[in-house]
2 protein chains.
Amino acid sequence: MTRNATIDPAARVRDLPPPCIILCEPQLGENIGTAARAMANFGLRDLRLVNPRDGWPSEKARAAASRADHVIEAVQVFDSVEAAIADLGFVFATTARSREIAKPVRGPDEAAVTTTRLGASGTRTGYLFGRERWGLNNDEVALADEIVTLPVDPDFASLNIAQAVLVCAYEWRLKANDGALPFRLDEEQNPPASKEDLVRLFEHLEGALDAVNFFRPVEKRPSTVRNLRNILQKASLTDQEVKTLRGVVAALEGRSTRPRG
Amino acid sequence: MTRNATIDPAARVRDLPPPCIILCEPQLGENIGTAARAMANFGLRDLRLVNPRDGWPSEKARAAASRADHVIEAVQVFDSVEAAIADLGFVFATTARSREIAKPVRGPDEAAVTTTRLGASGTRTGYLFGRERWGLNNDEVALADEIVTLPVDPDFASLNIAQAVLVCAYEWRLKANDGALPFRLDEEQNPPASKEDLVRLFEHLEGALDAVNFFRPVEKRPSTVRNLRNILQKASLTDQEVKTLRGVVAALEGRSTRPRG
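My aim in this report is to walk through the structure given alongside it, one point at a time.

Rules and cut-offs
Residues numbered from 1 in each chain as written. Chains lettered and ligands numbered in written order. Predicted model: local features only at pLDDT ≥ 70, side-chain atom pairs only at ≥ 80, totals over all residues. Heavy atoms only, no water. Helix = DSSP H or I, 4+ residues; strand = E, 2+ residues; numbered from the N terminus. Rg over C-alpha atoms; globule rule 2.2 N^0.38 Å. Buried < 20%, exposed > 50% of the residue type's maximum accessible area, 1.4 Å probe, protein only. Contact = heavy atoms within 4.5 Å. Areas by Shrake-Rupley, 256 points an atom, 1.4 Å probe, with all protein chains shown as cover. Lys, Arg positive; Asp, Glu negative; His and termini not counted. Charge placed at Lys NZ, Arg CZ, Asp CG, Glu CD. Patch = residues over 30% accessible without salt bridge, like charges linked within 9 Å, V, L, I, M, F, W, Y side chains within 5 Å. Salt bridge = Lys/Arg side-chain N within 4 Å of Asp/Glu carboxyl O. Least-squares fit on C-alpha atoms with pLDDT ≥ 70 in both. Polar contact = N/O pair within 3.5 Å; in protein donor to acceptor, adjacent residues only side chain to side chain. Buried area = accessible area lost by both parts, 1.4 Å probe. Pairing = 2+ DSSP bridges. Axes fitted to C-alpha atoms, helices over the stretch in contact; angles between N-to-C directions. 1 Å grid on protein atoms, 1.4 Å probe; cavity = no way out; pocket = protein on both sides within 12 Å on 5 of 7 lines; lining within 4 Å. Points joined across faces, edges and corners; volume = space filled by probe spheres on them. Nonpolar A, V, L, I, M, F, W, Y, C, P; charged D, E, K, R; others polar.

Regarding the overall build of chain A
For step 1, the next point in the chain: Counting secondary structure elements, chain A contains 10 helices and 7 strands.
For step 2, the next point in the chain: In terms of overall size, chain A is more extended than a compact globule, its C-alpha atoms giving a radius of gyration of 28 Å where 261 residues would be expected to give roughly 18 Å.
For step 3, the next point in the chain: Buried residues in chain A amount to 51% of all 261 residues.
For step 4, the next point in the chain: For chain A, contacts bridging at least 24 residues in sequence account for 82% of all contacts bridging at least 6.
For step 5, the next point in the chain: By element, 51% of the accessible surface of chain A is carried by carbon and sulfur atoms, the whole surface being about 12,300 Å².
For step 6, the next point in the chain: Of the side-chain charges in chain A, 34 are positive and 36 negative, and the distance between the mean point of each set is 7 Å.

Some remarks on a negative patch on the surface
For step 1, the next point in the chain: Taken together, the side chains of Glu100(A), Asp186(B), Glu187(B) and Glu188(B) present a region of like negative charge at the surface.
For step 2, the next point in the chain: Looking at the element boundaries, Glu100(A) is found in the loop between β4 (90–94) and β5 (105–106).

Concerning the relation of the copies chain A and chain B
For step 1, the next point in the chain: Its rotation angle being 180°, the transformation that places chain A on chain B also includes 0.0 Å of axial translation and leaves an RMSD of 0.1 Å. Interpreted geometrically, this transformation is the action of a two-fold axis.
For step 2, the next point in the chain: Take the interface residues of chain A: 100% of them recur as interface residues in chain B, which is what a same-surface contact looks like.

Description of the side chain of Thr95(B)
Residue and element names in this part refer to chain B.
For step 1, the next point in the chain: Positionally, Thr-95 belongs in the loop between β4 (90–94) and β5 (105–106).
For step 2, the next point in the chain: Look at Thr-95 and you get buried, because its relative accessible area is 3%.
For step 3, the next point in the chain: At 2.9 Å, the side chain of Thr-95 forms a polar contact with the backbone nitrogen of Arg-97.

Points about the interface of chain A and chain B
For step 1, the next point in the chain: Counting residues at the interface gives 69 residues for chain A, matched by 69 residues for chain B.
For step 2, the next point in the chain: Summing both sides of the interface, chain A and chain B together bury roughly 6,300 Å²; the carbon and sulfur share of this comes to 58%.
For step 3, the next point in the chain: In this structure, the connection of chain A to chain B is made through 2 salt bridges.
For step 4, the next point in the chain: The partner of Arg184(B) in a salt bridge is Glu110(A), and the shortest N-O contact between them spans 3.0 Å.
For step 5, the next point in the chain: When contributions to the side of chain A that touches chain B are tallied by element, the ones reaching two or more residues are α1 (29–41), β5, α5 (108–120) and α7 (161–176) of chain A.

Digging into the sheet that holds strand β7 (residues 146–148) of chain A
Residues and elements named next belong to chain A.
For step 1, the next point in the chain: On the basis of which strands lie adjacent, the open sheet formed by 7 strands has the order β3-β2-β1-β6-β4-β7-β5 and parallel pairing. Looking at the sheet topology across the chains shown, the edges are occupied by β3 (76–78) and β5.
For step 2, the next point in the chain: Sitting on the sheet, α7 touches β1 (20–24), β6 (125–129) and β7, and the angle it makes with β6 is about 155°.

A few points about the layout of surface pockets
For step 1, the next point in the chain: Quantified by volume, the second largest pocket comes out at close to 470 Å³.
For step 2, the next point in the chain: Every residue lining the second largest pocket is counted, 17 residues in all, and those nearest its centre are Ala102(A), Pro104(A), Leu185(B), Ala235(B) and Ser236(B).
For step 3, the next point in the chain: In terms of residue class, the lining of the second largest pocket is made up of 7 nonpolar, 3 polar and 7 charged.

Considering the environment of Arg133(B)
Residue and element names in this part refer to chain B.
For step 1, the next point in the chain: Mapped onto the elements of the fold, Arg-133 is located in the loop between β6 (125–129) and α6 (138–141).
For step 2, the next point in the chain: The exposure class assigned to Arg-133 is exposed, which follows from its relative accessible area of 64%.
For step 3, the next point in the chain: Each C-alpha atom, one on Arg-133 and one on Gln-27, is 8.6 Å from the other, the two residues being 106 residues apart in sequence.

Section: unusual backbone geometry
Backbone geometry follows two general trends: most residues other than glycine have a negative phi, and most peptide bonds adopt the trans configuration.
For step 1, the next point in the chain: A cis amide bond links Trp56(B) to the next residue, Pro57(B), at an omega of 0°.
For step 2, the next point in the chain: With respect to the secondary-structure elements, Pro57(B) resides in the loop between β2 (47–50) and α2 (59–64).
For step 3, the next point in the chain: The amide bond that connects Arg216(B) to the next residue, Pro217(B), takes the cis arrangement and shows omega of -5°.
For step 4, the next point in the chain: Examined against the element boundaries, Pro217(B) turns out to sit in the loop between α8 (195–211) and α9 (221–234).
For step 5, the next point in the chain: Positive phi values are uncommon outside glycine, yet Asn213(A) reaches one of about 50°.

Structure (structure tokens):
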């Protein structure tokens, strides 16, 4: 999708430190890059790598990040998970497997409530992701406060790592930003029509239909009029749309397409 | 991530028809495949293509779908958006651009409320996605009931199409399934310790600390005891964890590591 033209200021996250993403022994540079892009889409910036298999920097990662260069350039590489999470106050371990661990298991939405709440009080948080092949080991999970897993279809639970990052980042932004979208229907540019103008449209249409004896038998007229008015109400017409429909009716009447005052 | 071992039955979506995904003139087979995989992760099955640039079937798409073969094999190809959505009752157009269209703009979460509600009443719904390069044109958007856009960072709004599909599919499953996860912390296997056992642990620890004159000055003992008890309460210990800590204290006492009855 392309860059948004007119941006709703509310879409910019209020000053809330985003969680960081820690990838443990990622195997493919492409996945590091697509994870970085997913982070950038939702305003995350702090990407940390623990022993990336093919080393760092990675041209494949930069290419796959498609212009999320600010994330790629800020990447930090560590030689242990302990070092990668040392400055964090709360860590989620992501896993798709049930484990024999007495640790709370949260969805990405529940985790985001925690990361935004802690972030607001100045605590740095992170999501720990495992290897593409087999995820995190139990020693790594033991370093985390809670487990995050995605509400996937149990029959097709294999999720690309960048997409798991995307969902966690999406949920963080949703909670951090009260779901503010880059743009909404502009109510100022598209004000709902006044009921007076709407009733004029009703009466214009009904008069035009009377002229062609549309309402037969005549005793059915009141209920048919109600049906037509309810149909037009459902469209929740704007000012401009009422003008357009007035022109349509006038044209069908064979009269000038300038709506009547 | 790997297949989940023990599956919570609640994680299976109740019989609710998932929305379909319509890709309009997709350019890259890889994107069709990763979109199919994203659909499969969250239980969507009905993928429709309008004039895929490189034709169909696509080996690149099948490879990128990584075993979402049931989605790939069920793909339908159409030569117009009108034909692709003909059997649907409600359609969302996804776009990252604000447009001069008086059409409601929803987030993926709001859209999912609509698709699950309509699905429950037997209405087939769909999400229409545009080309990788420039999305949907306004004629295509005019065929949709409402617009969906993602709450992205306006400064980095360029989202891979499969990831846009992923977020819509994720939100649908979240709403359709009340956020049921494939697994949770098994409360039956990990029952919280009884308060009686917890108090025994407290007293065991405090007795061991008395023996080594830990509480000095003695008038501070009550508040220190409260602190220690609050620390252990915060860990919301399970039955087994209390036994383990009893063993730890006993070991530090230099006594047998069998917890006292």
